[in-house]
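Here is how the chains run, residue by residue.
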Amino acid sequence: MLIGVLGGRILFVVVFGLAAALSLWEFASIIFLKGDSRHKLATLFVGLMPYFFLAFYHLNNIETSITVILFSILLTVFLLFISELYARSEQPFQNVGIMLLGGAYIGVPFLVLNLIAFETGTYEYRTVLGLMLFTWANDTGAYMLGRQFGKTPLMPNISPKKTWEGAAGGLIAAVLAAIALSFLCTNLTLIDWVILAVIVVVFGSYGDLVESMLKRSYKMKDSGTFLPGHGGILDRFDSFMYMIPFAATYLLWIK
């Protein structure tokens with residue numbers, strides 16, 4: 001992921017596009033039947049088309065607008081209905097709803113990440129790097145303090161192992177990372193970096209719980225087996241992608 005951020009514009013688009021594709025495939029594999037490749041590929045399409053449509057504009061230095069983004073999203077929505085005509089499934093509108101859910105849950109955050117990276121018209125890697133570092137710091141701090149001192153369950157009906165003590169550890173680690181990063185990356189102020197760290201901790205934690213709720217609904221332990229010992233790609237990106245729209249809202253507000 002560091003190579004994807006620090007390696008330049010094209011690597012960024014490719015690496016995060018691949019992460020989005022694998023996450024979408026795992027999401028579709030959880031919900032659709034094992035042999036249902038048509039709907040899995042359609043979920044990939046609805047989640048990735050707006051991302052690469054926008055990336056094409058950015059990589060070619062073409063000015064984008066909200067109209068362009070909405071057009072790319074609407075186009076994929078109506079193409080889904082056409083695909084269901086040929087699928088001859090018994091529940092076409094339910095399938096379309098699930099595929100749109102995948103696009104909203106996974107595709108939109110990666111689309112917004114693209115906007116954050118190219119928001120100034122040039123490739124601004126520092127903000128994306130900060131959001132990644134805060135996510136990792138949160139996960140690490142929560143694991144370390146939760147393992148040593150965790151006693152109070154955070155949401156036992158969804159994720160029994162997560163504790164309030166672990167959440168506090170994640171917050172401390174992310175804020176310390178924000179303070180350190182403010183000396184290296186001056187595109188944002190110290191206060192802005194700290195607020196972004198808090199946003200990452202709060203909504204990243206919710207993202208982890210939401211994905212746990214998804215897996216629990218379908219009686220699955222991991223979203224996939226892509227990373228032995230860690231589960232799937234969606235397991236690694238659940239926190240990161242969930243907090244992106246909230247972080248982007250704050251960035252839009254301060255600018």
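Relevant structure appears above.
1. Section: the environment of Asn187
- Here Asn187 lies in the loop between helix H7 (164-184) and helix H8 (190-217).
- Dropping the residues within four chain positions of it, Asn187 is found in contact with Glu124, Arg126, Thr127 and Trp193.

2. Things to note about a nonpolar patch on the surface
- A cluster of nonpolar side chains, contributed by Tyr143, Met144, Leu145, Phe149, Ile172, Leu176, Ile179, Phe183, Leu184 and Leu190, occupies part of the molecular surface with about 1,100 Å² of accessible area.
- The set of elements that each furnish at least two residues to the nonpolar patch consists of helix H6 (125-149) and H7.
- Here the nonpolar patch gets 5 residues from one element, more than from any other, and that element is H7.
- Structurally, Ile179 can be placed in helix H7.
- The exposure class of Ile179 is partly exposed, given its relative accessible area of 34%.

3. Some words on the packing of H6 against H7
- Close contact between H6 and H7 brings their axes to 6 Å; oriented N to C, the two are set at 145°. Crossing of H6 over H7 shows right-handed handedness. Only Glu165, Gly166, Gly169, Gly170, Leu171, Ala173, Ala174, Ala177, Ala178 and Leu181 of H7 make contact with H6, whose side of the interface consists of Gly130, Leu133, Phe134, Ala137, Asn138, Gly141, Ala142, Leu145, Gly146 and Phe149.
- Tallied by class, the residues present in the contact of H6 with H7 amount to 12 nonpolar, 7 polar and 1 charged.

4. Quick word on the pattern of salt bridges
- Applying the stated rule across the entire model yields 4 salt bridges.
- Where Asp208 meets Lys162, a salt bridge forms, and the shortest distance between an N and an O atom there is 3.0 Å. Of this pair, Asp208 sits in helix H8 while Lys162 sits in strand S2 (residues 159-163), and the two are 46 residues apart along the sequence.
- Of the charged contacts, one joins Asp235 and Lys215 as a salt bridge, the two residues approaching to 2.9 Å between their closest N and O atoms. Placement of Asp235 in helix H9 (residues 233-254) and of Lys215 in helix H8 is noted, with a sequence separation of 20 residues between them. The exposure classification of Asp235 matches that of Lys215, with both residues buried.
- Through salt bridges with shared partners, one network takes in Glu211, Lys215 and Asp235.

Quick notes on the rules
- Residues numbered from 1 in each chain as written.
- Predicted model: local features only at pLDDT ≥ 70, side-chain atom pairs only at ≥ 80, totals over all residues.
- Heavy atoms only, no water.
- Helix = DSSP H or I, 4+ residues; strand = E, 2+ residues; numbered from the N terminus.
- Contact = heavy atoms within 4.5 Å.
- Patch = residues over 30% accessible without salt bridge, like charges linked within 9 Å, V, L, I, M, F, W, Y side chains within 5 Å.
- Areas by Shrake-Rupley, 256 points an atom, 1.4 Å probe, with all protein chains shown as cover.
- Salt bridge = Lys/Arg side-chain N within 4 Å of Asp/Glu carboxyl O.
- Buried < 20%, exposed > 50% of the residue type's maximum accessible area, 1.4 Å probe, protein only.
- Axes fitted to C-alpha atoms, helices over the stretch in contact; angles between N-to-C directions.
- Left-handed = near helix turned anticlockwise from the far one by under 90°.
- Nonpolar A, V, L, I, M, F, W, Y, C, P; charged D, E, K, R; others polar.

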